[in-house]
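# Overview (structure and organization)
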Amino acid sequence: MKLVTAVVQQTRVDEVRQSLTALGVRGMTIADVQGYGRQQGHTEIYRGAEYKVDVVDKTRVEVLVNDVDADEVLRAIVSAARSGRVGDGKVWVTPVESVVRVRTGETGEQAI
Amino acid sequence: MKLVTAVVQQTRVDEVRQSLTALGVRGMTIADVQGYGRQQGHTEIYRGAEYKVDVVDKTRVEVLVNDVDADEVLRAIVSAARSGRVGDGKVWVTPVESVVRVRTGETGEQAI
Amino acid sequence: MKLVTAVVQQTRVDEVRQSLTALGVRGMTIADVQGYGRQQGHTEIYRGAEYKVDVVDKTRVEVLVNDVDADEVLRAIVSAARSGRVGDGKVWVTPVESVVRVRTGETGEQAI
Ligand SMILES: Nc1ncnc2c1ncn2[C@@H]1O[C@H](COP(=O)(O)OP(=O)(O)OP(=O)(O)O)[C@@H](O)[C@H]1O
Ligand SMILES: Nc1ncnc2c1ncn2[C@@H]1O[C@H](COP(=O)(O)OP(=O)(O)OP(=O)(O)O)[C@@H](O)[C@H]1O
Ligand SMILES: Nc1ncnc2c1ncn2[C@@H]1O[C@H](COP(=O)(O)OP(=O)(O)OP(=O)(O)O)[C@@H](O)[C@H]1O
Ligand SMILES: [Mg+2]
Ligand SMILES: [Mg+2]
Ligand SMILES: [Mg+2]
């Protein structure tokens, strides 16, 4: 199994979810995070004044998938999360050695 | 080393902690997350009206463990987190290449 | 690629960021977490009374890095996060199989 993790714009989470559902993905975990990338945070106009914003609010999305689905899920997230502006995010894939569904005790690909 | 990650019901975190302590596990990190599984979120009665709840509040639990302890810790979390109802959660295991205790600089299994 | 994850004192996040910037690291994700280590949470004086605090607020820091940078980034975080007191935190390294920059579709080390 794999874990596909994405840090995306908060405004793109619904698109990401819909594109995963369209692929048949049936679970997801999200959390509030903050971060910066190559622009080191950004400068915003707020109430007429310019403020340096050091970190930007983002949403982390995590999806446990079977090996064969990892690439497709990665691409679907990238596509759904893209607005074309800086700060659209990162997606990465990490290995998972075992998974268990708590209620039933099912393991491995059955548990996803 | 391994990282055992669980997304569990908020109401089961104390049971999880106690079962880990009983095993001799001496550290844990938790965070608020939201998610859905095969039921795609659920329908709840709230103030007499039926609302579609798209994501459900959960707690993520992470435990760094030595290789030999990973299976036992996984099983302890599954057992402590189980209420028998849908939404009880997922537990998974991922590889960890190195660990350092910040205060002392100890590394590897000494750092856990 | 690697993911360097740290759970550190909230008061050390700025030092961690500065030391990473000095190394040329150009991105980071942070999140609020809670946890305990070998002291099982700690005892604090609050408004004159002694309270048992079971979990302590910490910040999780995550940094995607190229393989060759992982050790240096790990050491920089450990050094910047260290106050010398218990609870200074843990840092660990996990393998990452692929990374994509959402806006451009760049992959691998180009995406970091
Ligand atoms: N190297 C990194 N390590 C960890 N998290 C990162 C890293 N780079 C970016 N992130 C996370 O992803 C979020 C979005 O990053 P962002 O899309 O700005 O990346 P970028 O490389 O600057 O690309 P772009 O030029 O399109 O803005 C950041 O706010 C941060 O949370
Ligand atoms: N494939 C997945 N990827 C990432 N997180 C998931 C996945 N499936 C479930 N989760 C997380 O685990 C939480 C609990 O999932 P849940 O226990 O409902 O799984 P399930 O497979 O639907 O099992 P059950 O039939 O027992 O409800 C979700 O709210 C979500 O945060
Ligand atoms: N085994 C572990 N698994 C997951 N998270 C851990 C573990 N140990 C510690 N942590 C996280 O790191 C934070 C800081 O831990 P801490 O620095 O107290 O570790 P420690 O081993 O007790 O070292 P020290 O003796 O220096 O306090 C904890 O609050 C928790 O969030
Ligand atoms: Mg950017
Ligand atoms: Mg479910
Ligand atoms: Mg401690």
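For the structure itself, look to the data block above.
These figures come from a predicted structure and were not determined experimentally. Every chain is numbered on its own, with residues counted from 1 as its sequence reads. All chains are assigned letters beginning at A, and all ligands numbers beginning at 1, according to the order in which they are written. Reporting of local features is limited, given that this is a predicted model, to residues whose pLDDT is at least 70; pairs of side-chain atoms are given and counted only at 80 or more, and all residues count toward the totals for whole chains, interfaces and linings. Based on all heavy atoms of the structure, the side-chain values leave hydrogens and waters out of the count.

### Comments concerning the relation of the copies chain B and chain C
Threshold: Only residues with pLDDT of at least 70 in both copies count here: their C-alpha atoms drive the least-squares fit that superposes the copies. Only heavy atoms matter for contacts: two residues are in contact if any of them lie within 4.5 Å across the pair.
Least-squares fitting of chain B to chain C yields an RMSD of 0.0 Å, with the superposition described by an axial translation of 0.0 Å and a rotation of 120°. Both copies are brought into coincidence by an operation consistent with a three-fold rotation axis. Closest approach to the rotation axis among the C-alpha atoms of chain B is made by Pro95 of chain B, whose C-alpha sits 4.3 Å away. In this assembly, only 7% of the residues forming the interface of chain B have copies in chain C that are likewise at the interface, indicating a heterologous arrangement.

### Re the interface of chain A and chain C
What counts here: By convention, the term buried area covers the 1.4 Å-probe accessible surface removed from two parts as they join, with the contributions of both added. A side-chain nitrogen of Lys or Arg and a carboxyl oxygen of Asp or Glu constitute a salt bridge if their distance falls within 4 Å. Under the rule applied, a polar contact is a pair of N or O atoms within 3.5 Å (in protein, one hydrogen donor and one hydrogen acceptor; residues adjacent in sequence only if both atoms are side-chain atoms). Under the scheme applied here, ten amino acids are nonpolar (Ala, Val, Leu, Ile, Met, Phe, Trp, Tyr, Cys and Pro), four are charged (Asp, Glu, Lys and Arg), and all others, including Gly, are polar.
Across the contact, 29 residues belong to chain A and 26 residues belong to chain C. Summed over both partners, the interface of chain A with chain C comes to about 2,500 Å²; 51% of that surface belongs to carbon and sulfur atoms. Put simply, Arg60 of chain A and Glu62 of chain C hold a salt bridge, and the shortest N to O gap is 2.2 Å. On the surface where chain A and chain C come into contact, there are 13 residue pairs in polar contact (both at pLDDT 80 or more). Counted by class, the side of chain A that touches chain C contains twelve nonpolar, eight polar and nine charged residues.

### Describing the interface of chain B and chain C
To be explicit about the condition: Runs of H or I in DSSP of at least four residues are treated as helices and runs of E of at least two as strands, each being numbered from the N terminus. Whether two strands pair comes down to DSSP finding at least two bridges between them.
Contacts between the two partners involve 27 residues from chain B and, on the opposite side, 29 residues from chain C. Both sides together, the interface formed by chain B and chain C hides about 2,400 Å², and carbon and sulfur atoms give 51% of it. For the interface between chain B and chain C, the tally reads two salt bridges. The partner of Glu97 of chain B in a salt bridge is Lys2 of chain C, with the nearest N and O atoms 2.9 Å apart. Those elements giving two or more residues to the side of chain B that touches chain C turn out to be helix H1 (13–22), strand E2 (28–36), strand E5 (56–65) and strand E7 (98–101) of chain B. Among the residues making up the side of chain B that touches chain C, the classes are represented as 13 nonpolar, six polar and eight charged. Two elements, E7 of chain B and strand E6 (residues 89–95) of chain C, share four bridges in a ladder whose sense is antiparallel. Considered in E6 of chain C, the bridge of Val100 of chain B is made with Val91 of chain C.

### With respect to the site of ligand 3
Keep this limit in mind: Each residue is tested against the molecule or strand, and it is near if at least one of its non-hydrogen atoms lies within 4 Å. Exposure was quantified through the Shrake-Rupley algorithm and a 1.4 Å probe, taking into account, for residues, occlusion by the shown protein chains and nothing else.
Looking at ligand 3, there are 20 residues lining it, with Thr29 and Arg103 of chain B together with Arg38, Gly87 and Gly89 of chain C nearest. Contacts to ligand 3 include Leu64 of chain B, whose backbone N or O atom sits 2.9 Å from a nitrogen atom. One of the backbone nitrogen or oxygen atoms of Tyr36 of chain C is found 3.1 Å away from an oxygen atom of ligand 3. Considering ligand 3 on its own, with 610 Å² of exposed area, one finds that the protein chains cover 98% of that surface. Of all the elements in the fold, those that place two or more residues in the shell around ligand 3 are E2 and E5 of chain B together with strand E2 (28–36) and E6 of chain C. The element contributing the most residues to the shell around ligand 3 is E5 of chain B, with three residues.

### Let's talk about a negative patch on the surface
All names here are of chain B. Cut-off, in case you're wondering: Note on patches: the residues involved have over 30% relative accessible area and no salt bridge, like charges join within 9 Å, and the nonpolar side chains Val, Leu, Ile, Met, Phe, Trp and Tyr join within 5 Å. His residues and chain termini do not enter the charge count, which takes Lys and Arg as positive and Asp and Glu as negative. The atom standing in for a charge is NZ when the residue is Lys, CZ when it is Arg, CG when it is Asp and CD when it is Glu. Per-residue accessibility, obtained with a 1.4 Å probe over protein chains only, is compared with the maximum for each type, and a residue is labelled buried under 20%, exposed over 50%, and partly exposed between these values.
A cluster of acidic residues, Asp67, Asp69, Asp71, Glu72 and Glu109, forms a negative patch at the surface. Among the structural elements, Asp67 can be located in the loop between E5 and helix H2 (70–81). According to the relative accessible area criterion, Asp67 is partly exposed, its value standing at 42%.

### Some words on the site of ligand 2
By nearness alone, 20 residues border ligand 2, and Thr29 and Arg103 of chain A together with Arg38, Gly87 and Gly89 of chain B come closest of all. Proximal residues around ligand 2 fall on chains A and B, making this an inter-chain site. Within the backbone of Leu64 of chain A, an N or O atom sits 2.8 Å from a nitrogen atom of ligand 2. Here an oxygen atom of ligand 2 sits 2.6 Å away from a polar atom, N or O, in the main chain of Arg38 of chain B. Summarising the interface, the protein chains cover 98% of the accessible area of ligand 2, which totals 610 Å² for the free molecule. When residues of the shell around ligand 2 are traced back to their parent elements, those giving at least two are strand E2 (28–36) and strand E5 (56–65) of chain A together with E2 and strand E6 (89–95) of chain B. When grouped by side-chain class, the residues that make up the shell around ligand 2 number six nonpolar, seven polar and seven charged.

### Some words on H2 of chain B
Threshold: A helix's residues, less one, multiplied by 1.5 Å, set its expected span.
The terminal C-alpha atoms of H2 of chain B, which comprises twelve residues, lie 16 Å apart, in line with the 16 Å expected from a rise of 1.5 Å per residue. When H2 of chain B is considered as a whole, its buried residues turn out to be Ala70, Val73, Leu74, Ala76, Ile77, Val78, Ala80 and Ala81 of chain B. Structurally, H2 of chain B contributes buried residues whose contacts are with strand E7 (98–101) of chain A together with strand E1 (2–8), H1, E5 and E6 of chain B.

### Observations regarding helix H1 (residues 13–23) of chain C
Side chains of residues three or four places apart in an α-helix project in the same direction, reflecting 3.6 residues per turn. Rule in force here: As used here, the arc is the angular range of directions from the helix axis to the C-beta atoms.
Taken residue by residue, H1 of chain C has Val13, Val16, Arg17, Ser19 and Leu20 of chain C as its buried positions. Buried residues along H1 of chain C cover an arc of 165° about the axis, so they all sit on one side. When the buried face of H1 of chain C is taken as reference, the exposed residues oriented beyond 90 degrees from it are Asp14, Gln18 and Ala22 of chain C. Considering only its buried residues, H1 of chain C is in contact with E2 of chain A together with strand E1 (2–8), E2, strand E5 (56–65) and helix H2 (70–81) of chain C. After H1 of chain C finishes, the residue Gly24 of chain C shows a positive phi value of roughly 90°.

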